[in-house]
Amino acid sequence: MTQMQTVDKAAIRDLAKAHGFELCRFARPEIPEKHADIYEAWIEEGMHGEMDYMAEASRMARRREPGSMLEGVRTVISLGMRHTPPPYSLNEMIRASDRGAIAAYAHGNDYHEGMKKRLKALAVKLDRMLGEHDQRVYVDTAPVLEHALAEKAGLGWQGKHTLTINRQLGSWMMLGELFTTAEIAPDEPASNHCGTCSACIDICPTRAIVAPYTVDARRCISYLTIEFRGFIPREMRPLMGNRIFGCDDCQMICPWNRYATAPDPDLLIPRGENCLPELASLFELDEASFRNRFRKSPVRRVKRAGFLRNVAIALGNSGDEHAVPPLLRALKDVSALVRGHAAWALARLAEGNGKREIMVHLREGETIENNPKALEEIRLSINEIKGKK
C-alpha cells in the first residue's frame, strides 16, 4: 500500500476540527488555469488599486505555481475557520446611521495571529499522525490564491462576490492553508451553486462587483477603509454610509448565509463593543485610547488616522447635527488625513444656522493648514457650503 492509500482523511478532519477548523479538504498544489488567468487580467486592469505587492512579478508567479511555496509539496490542506455573523440585519445596520459598521470578522480578535497559531499546532499533530514531513502554513498574507485552492479542494466555490461559499455553512469564514510533502488523496473540486442569483452584485453600495466573480478593489469599501491609506476619493464617500472597517453587505444578502449560525466556540471571541459602536465616541479617541480600545483587534491595522478618517466619513453621512462639535475640533487634529475628512464631513452637515459656525472654523483652518491635500479638502468644502442655498 502507498502512503496515499493509508492516510485516514477523516481522522485529519477530526484533528482539524479540534483545532478550530470546521472545514478541512485536500487538493494537489495546482491552480486551475482559469483562476490564474482571471487574477492576471484583474491585475492588468489595475483593479488591485494601490496594493502594489499583488502585482509584483515574483509573487504573481508564486500564485500561479503554488508548488513554489514549499519544495516537494504534494498536498495543500485547505481549512476554513468560521466566525460569528453580524447579530443585526442589513436594514438595521443602515438605519443605525449614528453608529459605525465594523465587518463581523473584526468584532473580536485578529484572525491572522490566532489562525496561524492553530495551523502550526495542527501541523505538529499531523507530523505525529503521518510521520514527519516538511510543512508550511499560510493565512491571507502569503502569495497564495486561497479561494481557488479552496474550490479545487472542495471546501466551497468562489461566489460572484469572490468569497468562498460552503453549501452547508455559507461564507462567514476565514481561510488558511497547510502545505505538506505528505501524499494525501485529493478531494473532488466544489461545484458552483450561485446560479442566476445576482443579490451580491445588486446590493454592493459602491458597485464594486463590476461583473460576476470580479471585484474592483478601487471601489470596494473593504479596500477603501482598510488597505487604502490615503484620502478616499470624494465621489466614493457618500456611498460608504456608516461602514468604518470593511463591509459585509454582499455576505449579508447572500441566500447561502440565510441560515448561518455562530460557531461554538467562536475562536475570534467577538466583543459587543465592536458591534455597531457609537460614531461620536469613536471620533474622540486619541492615540493611546485607540490602541487600548482595539487591543488584539484587526482594526488596529489601519491605525488611528485611517480609522478616524473612516469615522469622519460616516459622521458626514449620518445627517446628525450632534456630530458637528467633534468634527470642528478635528480640524486641529494631529493627522492631516483626519483634518481633511473632517472638513468634508462638516460640509455635508452644514445646514441652517450651523452653516455660519462651520464656515468660520473652515476659514480658520484654511489659514493655518500646511498639508496640501488637507488644504484642498478644506477649500473644496468651503466652496460646497457656499453653493448651498
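Here the structure is a predicted model, which means the values were calculated and not measured.

Glancing now at the side chain of T225. Positionally, T225 belongs in helix 9 (residues 221-227). One polar contact links the side chain of T225 to the main-chain amide nitrogen of G246, over a distance of 2.9 Å. Sequence-distant contacts of T225, that is, excluding residues within four places in its chain, are made with M240, R243, I244, F245, G246, V302, R309 and N310.

What follows deals with empty space enclosed by the protein. One pass over the full model with this rule turns up two cavities of 30 Å³ or more. Taken as a whole, the largest cavity holds about 60 Å³ of empty space. What lines the largest cavity is a set of 13 residues, and nearest its centre among them are M93, A101, I102, C247 and D248. By volume, the second largest cavity is sized at about 40 Å³. If you trace the second largest cavity, you find it lined by H83, T84, A104, Y105, H107, G108, D266, L268 and P270. Of the residues contributing to the lining of the second largest cavity, the split by class is four nonpolar, four polar and one charged.

Let us look at the packing of helix 2 (residues 9-18) against helix 6 (residues 111-130). The interhelical angle for the contact between helix 2 and helix 6, taken along N-to-C directions, is 155 degrees, at an axis separation of 10 Å. One way to sum up the angle between helix 2 and helix 6 is to call them roughly antiparallel. Crossing hand, helix 2 versus helix 6: right-handed. Each of A11, I12, L15 and A16 in helix 2 lies in contact with helix 6, whose residues at this interface are L122, K125, L126, M129 and L130. Looking at the contact of helix 2 with helix 6 residue by residue, the classes come out as eight nonpolar, no polar and one charged.

Below, the discussion takes up helix 2. The set of residues buried in helix 2 consists of K9, I12, L15 and A16. The buried residues of helix 2 all sit within an arc of 115 degrees when viewed along its axis, so they share a single face. Opposite the packed face of helix 2, turned more than 90 degrees from it, sit the exposed residues D14, K17 and A18. Those residues of helix 2 hidden inside the fold are in contact with strand 1 (23-27), strand 2 (75-82) and helix 6. Looking one or two places after helix 2, you find G20, whose phi comes out positive at around 100 degrees.

Cut-offs and rules
- Residues numbered from 1 in each chain as written.
- Predicted model: local features only at pLDDT ≥ 70, side-chain atom pairs only at ≥ 80, totals over all residues.
- Heavy atoms only, no water.
- Helix = DSSP H or I, 4+ residues; strand = E, 2+ residues; numbered from the N terminus.
- Polar contact = N/O pair within 3.5 Å; in protein donor to acceptor, adjacent residues only side chain to side chain.
- Contact = heavy atoms within 4.5 Å.
- 1 Å grid on protein atoms, 1.4 Å probe; cavity = no way out; pocket = protein on both sides within 12 Å on 5 of 7 lines; lining within 4 Å.
- Points joined across faces, edges and corners; volume = space filled by probe spheres on them.
- Nonpolar A, V, L, I, M, F, W, Y, C, P; charged D, E, K, R; others polar.
- Axes fitted to C-alpha atoms, helices over the stretch in contact; angles between N-to-C directions.
- Parallel < 35°, antiparallel > 145°, perpendicular 65-115°, else oblique.
- Left-handed = near helix turned anticlockwise from the far one by under 90°.
- Buried < 20%, exposed > 50% of the residue type's maximum accessible area, 1.4 Å probe, protein only.
- Arc of directions from axis to C-beta.

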